[in-house]
Amino acid sequence: MKKKYLSEILDHPLLGKLLPVDFSPLKTCSFNCYYCSLGKTTKMSMEREEFYPVQDVFQEVDSYMQKNDHPDTIFLTGSGEPALYSKFGELARKIKKKYPSITITAYSNASLLTDPEVRKDFCECDIMQFNLNAVKAEEFRKLNRHHGNVKFENVLDGLKKFRTEFNKPIWVHSIFGDNFNISEENIIGLRNFISELKPDKYIIRKFEIEDDVKPLTDETINFIKSQMDSLDCECRYMGFN
Ligand code: SF4
């Protein structure tokens, strides 16, 4: 039977064999990031919904696990922002209860993190990953093109709150694009915010080369590195060679 909620296993450099699990229609998000690999956001939302029955999603995961080698990691991704799935916590809990040795992770844009229910749901994960590309409102808006109800300050506050409540690893990702979020003010601001937040890993990437976005200059790359290298947390540069 064709899989509805699962994608092909991926080889992830940090998480091993990774099984992506989807639970929202393509593409449901509170952002419409310029670089999004899923394409344009067609359902821009801040409302949590049970897009598909949680039992159906769990059953497909369960049936896959009975018939195949187990992955190292289950990636609760959704086709967009995972916090928008109102049954996220229940799904993570069911999977963890049945398959306790498998790492569960998700990657969120942090836009709903001031909602205590979202933070509680994300606490079911073993590793939580967040994207944060800017701490300057203008650069944040330009790159993320977010829903009108997303409050930039709430994203930063939500991350700080979650850090105090989640005692497992947090990874933060920043993606830099020429002409978007590379002002010195933003790069230094990000460094200061990350220094305060203290994630377990900070992963720094740049846009895949797009036709209409120039690659970062060596000067910009060197400036980013000069700032981030002084952080206390583990810093990983991906695609920065
Ligand atoms: S937050 Fe993630 S899923 Fe949403 S538009 Fe940005 S990159 Fe795409």
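Residues numbered from 1 in each chain as written. Predicted model: local features only at pLDDT ≥ 70, side-chain atom pairs only at ≥ 80, totals over all residues. Heavy atoms only, no water.

(A) The arrangement of the nonpolar core in detail. Residues L76, L132 and Y202 are the most contacted members of the largest nonpolar core, which totals 70 residues. By residue number, the principal contributor to this core is helix α1 (residues 54-67), which donates 6 residues. L18, F75, W171 and I203 belong to the second largest nonpolar core, which has 6 residues in total. (Core = buried A, V, L, I, M, F, W, Y, C linked by side-chain atoms within 4.5 Å. Buried < 20%, exposed > 50% of the residue type's maximum accessible area, 1.4 Å probe, protein only. Helix = DSSP H or I, 4+ residues; strand = E, 2+ residues; numbered from the N terminus.)

(B) Geometry of the site of the ligand. All residues in the neighbourhood of the ligand are listed as K27, C29, F31, N32, C33, Y35, C36, G80 and N109. Per-class residue counts for the shell around the ligand are 5 nonpolar, 3 polar and 1 charged. (Near = heavy atom within 4 Å. Nonpolar A, V, L, I, M, F, W, Y, C, P; charged D, E, K, R; others polar.)

(C) Quick peek at the sheet that holds strand β9 (residues 201-206). Read from one edge to the other, the open sheet built from 8 strands follows the order β1-β2-β5-β6-β7-β8-β9-β10, with strand pairing classed as mixed. With one partner strand each, in any of the chains shown, β1 (10-12) and β10 (234-238) form the two edges of the open sheet. Across this sheet, the average inter-strand angle for adjacent strands is 25 degrees, counted without regard to direction. Direction of pairing for strand β8 (residues 170-176) relative to β9: parallel, over a ladder of 6 bridges. When the bridges of β9 are listed, S174 appears paired with I204. (Pairing = 2+ DSSP bridges. Axes fitted to C-alpha atoms, helices over the stretch in contact; angles between N-to-C directions.)

(D) The arrangement of the side chain of N186 in detail. The topology assignment puts N186 in helix α6 (residues 184-197). Among the polar contacts made by the side chain of N186, one reaches the main-chain amide nitrogen of V135 at a distance of 2.8 Å. Side-chain polar atoms of N186 contact the backbone nitrogen of K136, separated by 3.4 Å. (Polar contact = N/O pair within 3.5 Å; in protein donor to acceptor, adjacent residues only side chain to side chain.)

(E) Representation of the packing of helix α5 (residues 152-165) against α6 in the model. Contact pair α5 / α6: the axes reach a minimum separation of 10 Å and the direction vectors enclose 25 degrees. With respect to each other, α5 and α6 are oriented roughly parallel. Here L156, L159, K160 and R163 of α5 come into contact with α6, specifically with F193, E196 and L197. Here the residues of the contact of α5 with α6 sort into 4 nonpolar, no polar and 3 charged. (Parallel < 35°, antiparallel > 145°, perpendicular 65-115°, else oblique. Contact = heavy atoms within 4.5 Å.)

(F) Molecular detail of the side chain of N181. The topology assignment puts N181 in the loop between β8 and α6. Among the polar contacts listed, one links the side chain of N181 to the backbone oxygen of N133, at a separation of 3.0 Å. A distance of 2.8 Å separates the side chain of N181 from the backbone oxygen of I175, its partner in a polar contact. Discounting residues that sit within four places of it in the chain, N181 has contacts with N133, E139, L143, I175, F176, N186 and I187.

(G) Structural context of the packing of α1 against helix α2 (residues 88-98). Across the interface, α1 lies against α2 with an axial gap of 10 Å and an inter-helix angle of 25 degrees. It follows from the interaxial angle that α1 and α2 lie roughly parallel. Crossing handedness for the pair α1 and α2: right-handed. From α1, V54, Q55, V57, F58, V61, D62 and Q66 reach across to α2, where they touch E90, L91, K94, I95 and K98. The residue makeup of the contact of α1 with α2, split by class, is 6 nonpolar, 2 polar and 4 charged. (Left-handed = near helix turned anticlockwise from the far one by under 90°.)

(H) Spotlight on the pattern of salt bridges. If you walk through the whole model with that rule in mind, you get 14 salt bridges. Counted as one network, the salt bridges with shared partners bring together K201, E234 and R236. (Salt bridge = Lys/Arg side-chain N within 4 Å of Asp/Glu carboxyl O.)

(I) Representation of the pairing of strand β5 (residues 73-76). Neither face of β5 is exposed, since T73 and F75 on one face and I74 and L76 on the opposite face are all buried. Relative to β5, strand β2 (residues 16-21) is paired through 4 bridges, and the arrangement is parallel. In the strand pairing of β5, P20 is matched with F75. With 3 bridges connecting them, β5 and strand β6 (residues 103-108) associate as parallel partners. Across the sheet, the residue bridging to I74 is I104, located in β6.

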